[in-house]
Amino acid sequence: MRTIDLRGQSLTAAELLAAVPRATEARAAALEAAAEIVHAVAHEGEAALRDQAERFDRVTGHEIRVPQSHIDEAVASLAPEVRTALDEAIARVREGSAAQVPDPRVTDLAPGARVSQRWQPVGRAGVYVPGGKAVYPSSVIMNVVPAQVAGVKRIALCSPPQAGFDGRVHPTILAVAGLLGVTEVYAIGGAGAIGALAHGVASLGLDPVDVVTGPGNNFVASAKRVVAGLVGTDSEAGATEILIAADDTADARLVAYDLISQAEHDEQASAVLVTTSAGLAERVAAEVAELAPKTRHAGRVAVALAGEQSAIVLVDDAAAMADFSNAYGPEHLELHVADAREAADDYTNAGALFVGSATPVSLGDYMAGSNHVLPTGGQSRYASGLGAYTFLRPQQVIEYDRDALAVVADRIVALAESESLPAHGEAVTARFK
């Protein structure tokens, strides 16, 4: 991992943004490629999807619309210990998601003058579950459960066809879909899946959705940008990121393990340590050098840690550490500092914040009850992770009686005249003639 030394510098907000490690060229290339893929799906439908499956997944002749029998078989073959873990994760995420649904509110502004705030679920959601270098049944839970809690009635799920399973969606992903009652599943991967959900594919019976959600690589994240405006999307949950903020009280070995745990996702994964301690930085670098070659996906980890998106960053003090983290806006932020709970107040920009050495990102990936579909690429500075609210639309319902309208009629006319929109005022006064 490279080292970025920011000590002894007083950086502006713009300079901090420029200093954070990002794989900007890779993201730019992904956007261009994703646009071409989505365009092909929009205009060529199933033919484009089959071409993409052959090119990217090495699969031909597969059933794109997954038969219910495949889902049932997957549920029946699920290992008991995995079923137990999935059931527990589903229960925890369901409880955590329920807290995200706001209660309706009624505001009586005056007698006969009422504005109600309600939250309406979208009619149809499309969720994407990746399945390239790794398989993510947990992402089925993280997408589907919040949608169900929000009250979405129709959910379509896409996941890549697997060459190792005769072009079927991975059986564990299918099994979780079955456990959650999702019956509309498609063997479609990558940016093509985002395009298919947004535009629909008539020959497959795939209707366009209202909202597309789910994690993936940079191509999936970029595809969401391409279809934004046609459909709603969650934040761009692209190649994973971890930033660990640590002082000299941190356990270097645990920090190294956590950096490696995210680097194993993908060669484009970002692993960053920001610290006030040069000694800790040296110890972590040594631990990473020892541990990384021993992990199962050592090759993938090595590429990610050596990439421009990963680094060890040295800063002067705790305030500078928080400033750097807030400028970076990481997907996952771990705090390995003294009084971590108190320090957490200074860290405002993160998809999810993991406080203390006993709270690794791996916990959030599976069993914390939080959601692991989170914004990447600095988007946590202005966007949230996936939740029940992603599938809800706030909607105001206005109800005035004639007397309540009469109270404000002259004021409406005055404002309408000031904006040179007299018909607005006339629409009100007509009710009193």
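Residues numbered from 1 in each chain as written. Predicted model: local features only at pLDDT ≥ 70, side-chain atom pairs only at ≥ 80, totals over all residues. Heavy atoms only, no water.

- For the chain, the name recorded in an unreviewed UniProt entry is Histidinol dehydrogenase, with Microbacterium sorbitolivorans as its organism.
- Database annotation for the chain, UniProt heading Sequence similarities (unreviewed entry): "Belongs to the histidinol dehydrogenase family." (UniProt positions renumbered as here; feature names shortened; annotations may be inferred.)

### Structural notes on the UniProt feature "binding site: Zn(2+)" (unreviewed entry) in the chain
And step 1. Per the UniProt record, the feature "binding site: Zn(2+)" (unreviewed entry) sits at Gln-262, His-265, Asp-365 and His-424. With a sequence span of 163 residues, these residues are also far apart in the fold, their greatest C-alpha distance being 57.1 Å.
And step 2. Turning to its location among the elements, Gln-262 is positioned in helix H10 (residues 252-263).
And step 3. Take Gln-262: its relative accessible area is 1%, and that puts it in the buried class.
And step 4. Residues in contact with Gln-262, not counting those within four places in the same chain, are Thr-240, Ile-242, Ala-269, His-332, Val-361 and Asp-365.
And step 5. At a separation of 3.0 Å, a polar atom in the side chain of Gln-262 contacts the side chain of Thr-240.
And step 6. Relative to the helices and strands, His-424 resides in helix H17 (residues 422-429). (Helix = DSSP H or I, 4+ residues; strand = E, 2+ residues; numbered from the N terminus. Buried < 20%, exposed > 50% of the residue type's maximum accessible area, 1.4 Å probe, protein only. Contact = heavy atoms within 4.5 Å. Polar contact = N/O pair within 3.5 Å; in protein donor to acceptor, adjacent residues only side chain to side chain.)

### A closer look at the UniProt feature "binding site: substrate" (unreviewed entry) in the chain
And step 1. Here, UniProt's "binding site: substrate" (unreviewed entry) annotation points to Thr-240, Gln-262, His-265, His-332, Asp-365, Glu-419 and His-424. Their sequence span is 185 residues, while the largest C-alpha to C-alpha distance among them is 57.1 Å; these annotated residues do not converge on one region.
And step 2. For Thr-240, the location among the structural elements is in the loop between strand S10 (232-233) and strand S11 (241-246).
And step 3. We classify Thr-240 as buried; its relative accessible area is 10%.
And step 4. Only 2.8 Å separates the side chain of His-265 from the side chain of Tyr-136, close enough to count as a polar contact.

### Some remarks on the nonpolar core
And step 1. Counting residues in each nonpolar core, the largest one holds 40 residues, and the members touching the most others are Val-140, Ile-141, Val-144, Leu-157, Leu-180, Val-185 and Phe-391.
And step 2. Counting residues per element, the ones that place at least two in this core are helix H4 (68-76), helix H5 (80-98), strand S4 (124-128), helix H6 (137-150), strand S5 (154-159), helix H7 (171-179) and strand S8 (184-187).
And step 3. Look past the residues within four positions of Val-144 in its chain and what remains in contact with it is Val-127, Ile-155, Leu-157, Leu-180 and Val-182. (Core = buried A, V, L, I, M, F, W, Y, C linked by side-chain atoms within 4.5 Å.)

### Digging into the packing of aromatic side chains
And step 1. What the rule picks out here adds up to one aromatic pair.
And step 2. Across the ring face of Tyr-328, the terminal group of Arg-22 is positioned such that the distance to the ring centre comes to 4.3 Å. (Phe/Tyr/Trp six-rings, centres within 6.5 Å; stacked < 30°, edge-to-face > 60°. Lys NZ or Arg CZ within 6 Å of the ring centre and 35° of its normal.)

### A short note on a negative patch on the surface
And step 1. On the surface, a cluster of negative charge is contributed by Asp-316, Asp-317, Asp-323, Asp-339, Glu-342, Asp-345 and Asp-346.
And step 2. Summarising the element assignment, Glu-342 is placed in helix H14 (residues 340-343). (Patch = residues over 30% accessible without salt bridge, like charges linked within 9 Å, V, L, I, M, F, W, Y side chains within 5 Å. Areas by Shrake-Rupley, 256 points an atom, 1.4 Å probe, with all protein chains shown as cover. Salt bridge = Lys/Arg side-chain N within 4 Å of Asp/Glu carboxyl O. Lys, Arg positive; Asp, Glu negative; His and termini not counted. Charge placed at Lys NZ, Arg CZ, Asp CG, Glu CD.)

### Regarding the pairing of strand S12 (residues 270-275)
Looking down a regular strand, the side chains alternate between one sheet face and the other.
And step 1. Of all six residues that make up S12, six are buried, and the element is covered over most of its length.
And step 2. Residue alternation in S12 divides its side chains into two sets, Ser-270, Val-272 and Val-274 and Ala-271, Leu-273 and Thr-275, and both sets are buried.
And step 3. In the sheet, S11 pairs with S12 via six bridges, with the strands oriented parallel. Residue pairing for S12: Ile-244 is matched across the bridge by Leu-273.
And step 4. Once the chain exits S11 it traverses H10 before rejoining the sheet at S12, and the crossover so formed is right-handed.
And step 5. Pairing of S12 with strand S13 (residues 311-314) involves four bridges; the strand directions are parallel. (Pairing = 2+ DSSP bridges. Right-handed = clockwise from strand over helix to strand, strands pointing away.)

### Description of the environment of Leu-179
And step 1. With respect to the helices and strands, Leu-179 occurs in helix H7.
And step 2. Note on Leu-179: relative accessible area 24%, which makes it partly exposed.
And step 3. The spatial distance from the C-alpha of Leu-179 to the C-alpha of Asp-72 is 9.4 Å, given a sequence separation of 107 residues.

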